[in-house]
Amino acid sequence: MTVAHPSQNSTSSLSAEPSHALTGHLRVPGDKSISHRALIFGALTVGETKITGLLEGEDVLATAEIMRRLGAEVTRTGEGAWSVRGVGVGALREPSQPLDFGNSGTGARLIMGLVAGHPITATFIGDASLSRRPMGRVITPLSQMGAVFHAPEGGKLPLTLTGAREALPITYRSPVASAQVKSAVLLAGLNARGVTTVIEPVPTRDHTERMLRAFGAHVETETLPDGALAIHLTGQPELHPCPIVVPGDPSSAAFPVVAALIVPGSEIVVEGITLNPHRAGLYTTLIEMGGDIEVMNQREEGGEPVADLRVRASQLHGIEVPPERAASMIDEYPVLAIAASFASGQTIMRGIHELRVKESDRIAATAAGLRLNGIKVHETEDSMTVDGREGHVDGGGHVVTHMDHRIAMSFLVMGLAAHKPVTVDDASMIATSFPNFIPLMRELGAIFVGHSQ
Ligand SMILES: O=C(O)C1=C[C@@H](OP(=O)(O)O)[C@@H](O)[C@H](O)C1
Ligand SMILES: C=C(OP(=O)(O)O)C(=O)O
């Protein structure tokens, strides 16, 4: 069964046209990963958590609504300003209706962990894209902790989950490098008596660990002899409200940054993005490719390293991106492929098989879009090689986005610097993560032409 979702009904195609130099200062919306977690962890405290800079995109708004249905009081008090009055660990309410996660893998998997640690039953639904994504990766460890899943479509949504009456603390070595899996197990472990341990083969984004500590939980990390990272969480903590300042999202900033690198004459400043080392891989890569990116005003805000970036148009050159960097830039490969198309020489991206199970199969969707715009690309199960055209990309393609916001934004960025406009079939999904992408880019000088359907 696939559940219809409102955003599926209002697709709109959009073209990006060759644009003059992009200039100006901008702030991108709050980080999506931190925004989801602020709402979820706030709901597990007794008292009021105040959040500023929350991303008001569809994915995070779905999480806000779901936390309300699970018993928290979640209120918007101003632009990006939210208040969460929680119920405390162990006291979530059973929802009366299915929980609709829309397009959001993060929301669905983290809240599965949360529900798995509570003696309540909830049904999880999502849009057509989310209903195709694998949930087995969280079902396996959460079942070991005592949760019971009814997933008629073999580990996909829609599914119904009954949480454990007394969750068991486990030690789980995750077979995939996934912050969502790690976070789901730790969230279930919050209501288990004893220490829950997740062992990651490769370190992934650590917002859950950082934020749980800030809320008062005891979380320790340890590097094991084989180089894997073990995260130990002591269950049943009393979490205290904690003010959260959400920094700018480096995954969203990636789009104006790549646009400024490839549109000749551009110079922009992106302010206040987190450069958490587990998120900054794209920026390291673009600098290695010869991108003129100046990291300015490095500081710490809300427990995260934050900086401003000055970006000037640059002639990039292709490089080989090492597989061990993949986790730190996992959502940025589609837009890296756009940068690579304008570079000289080949860019080789390895160790990226996880891209095949995102909102779309991002290797296939990116490769198809590149070919439609005159770029030679070679894909394997877990790699992609792009032949750069040294600033001369044909464009003119009509790209299928497969309900994937990052594919839509990546190809719109391509169109700003290609010889002919690039059209995406559906720009509506951009609202899931970067609702003001179009107006912000227009302020810098980007030209977009809409075609409503
Ligand atoms: O934990 C998170 O907030 C996220 C983890 C990543 O997913 P995986 O854990 O599946 O790699 C990433 O792709 C997603 O956009 C956000
Ligand atoms: C993969 C992404 O998100 P999610 O897994 O939350 O749907 C993304 O935003 O690129």
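One can find the structure itself at the top, above this paragraph.
One structure accompanies this document, and this report is about it. All of these numbers come straight from a predicted model, not from anything done at the bench. (Residues numbered from 1 in each chain as written. Chains lettered and ligands numbered in written order. Predicted model: local features only at pLDDT ≥ 70, side-chain atom pairs only at ≥ 80, totals over all residues. Heavy atoms only, no water.)

**Re the packing of aromatic side chains**
Given two aromatic rings, one states the distance between the centres and the angle between the planes to describe the pair. Within this structure, the stated rule accounts for 5 aromatic pairs. Between Phe434 and Phe437, the ring centres sit 5.3 Å apart and the planes meet at 65°, which makes this aromatic pair edge-to-face. Take Phe434 and Phe437: they sit in the same class, and that class is buried. Aromatic side chains Phe437 and Phe448 sit 6.1 Å apart centroid to centroid with 40° between the ring planes, which places their arrangement in the tilted category. Of this pair, Phe437 sits in helix H12 (residues 437–444) while Phe448 sits in strand E24 (residues 447–452), placing them 11 residues apart in sequence. Phe448 shares its class with Phe437; the two are buried. By way of ring pairs, the aromatic residues Phe255, Phe434, Phe437 and Phe448 are connected into one cluster. (Phe/Tyr/Trp six-rings, centres within 6.5 Å; stacked < 30°, edge-to-face > 60°. Buried < 20%, exposed > 50% of the residue type's maximum accessible area, 1.4 Å probe, protein only. Helix = DSSP H or I, 4+ residues; strand = E, 2+ residues; numbered from the N terminus.)

**Side note on the sheet that holds strand E10 (residues 171–173)**
Taken together, the 4 strands give an open sheet; going across it, the order is E10-E11-E13-E12, and neighbouring strands pair in mixed fashion. Only two strands of the sheet have a single neighbouring strand rather than two, namely E10 and strand E12 (219–223). The sheet shows a mean angle of 15° between the axes of neighbouring strands, taken without regard to direction. Bridge count between strand E11 (residues 195–200) and strand E13 (residues 229–234): 6 bridges; the pairing is antiparallel. In the sheet register, Ile199 faces E13, and the bridge partner there is Ala230. The sheet strands contacting helix H6 (residues 207–214) are E12 and E13, and the helix crosses E12 at an angle near 140°. (Pairing = 2+ DSSP bridges. Axes fitted to C-alpha atoms, helices over the stretch in contact; angles between N-to-C directions. Contact = heavy atoms within 4.5 Å.)

**Considering the pattern of salt bridges**
Opposite charge on two side chains makes pairing possible when the charged atoms of those side chains draw close. All chains considered together, the criterion is met by 35 salt bridges. The partner of Asp331 in a salt bridge is Arg406, and the shortest N-O contact between them spans 4.0 Å. Highlighted residues: Asp331 in the loop between strand E18 (320–321) and helix H9 (333–342) and Arg406 in helix H11 (residues 405–417), separated in sequence by 75 residues. For the pair Asp331 and Arg406, a shared accessibility class is recorded, and that class is buried. The partner of Arg362 in a salt bridge is Asp404, with the nearest N and O atoms 2.8 Å apart. With Arg362 in helix H10 (residues 362–372) and Asp404 in the loop between strand E22 (398–399) and H11, the pair connects residues that are 42 residues apart, well separated along the chain. (Salt bridge = Lys/Arg side-chain N within 4 Å of Asp/Glu carboxyl O.)

**Observations regarding the packing of H10 against H11**
Orientation of H10 relative to H11, taken along the N-to-C sense of each, is 25°, at an axis distance of 11 Å. In terms of orientation, H10 lies roughly parallel with respect to H11. Note on packing geometry: the crossing formed by H10 with H11 is right-handed. Facing Arg362, Ala365, Thr366, Gly369 and Leu370 of H10, the residues of H11 in contact are His405, Arg406, Ile407, Phe411 and Met414. The residue inventory of the contact of H10 with H11, partitioned by class, reads 5 nonpolar, 3 polar and 2 charged. (Parallel < 35°, antiparallel > 145°, perpendicular 65-115°, else oblique. Left-handed = near helix turned anticlockwise from the far one by under 90°. Nonpolar A, V, L, I, M, F, W, Y, C, P; charged D, E, K, R; others polar.)

Keep in mind that these numbers describe shape and distance, not what the molecule does.
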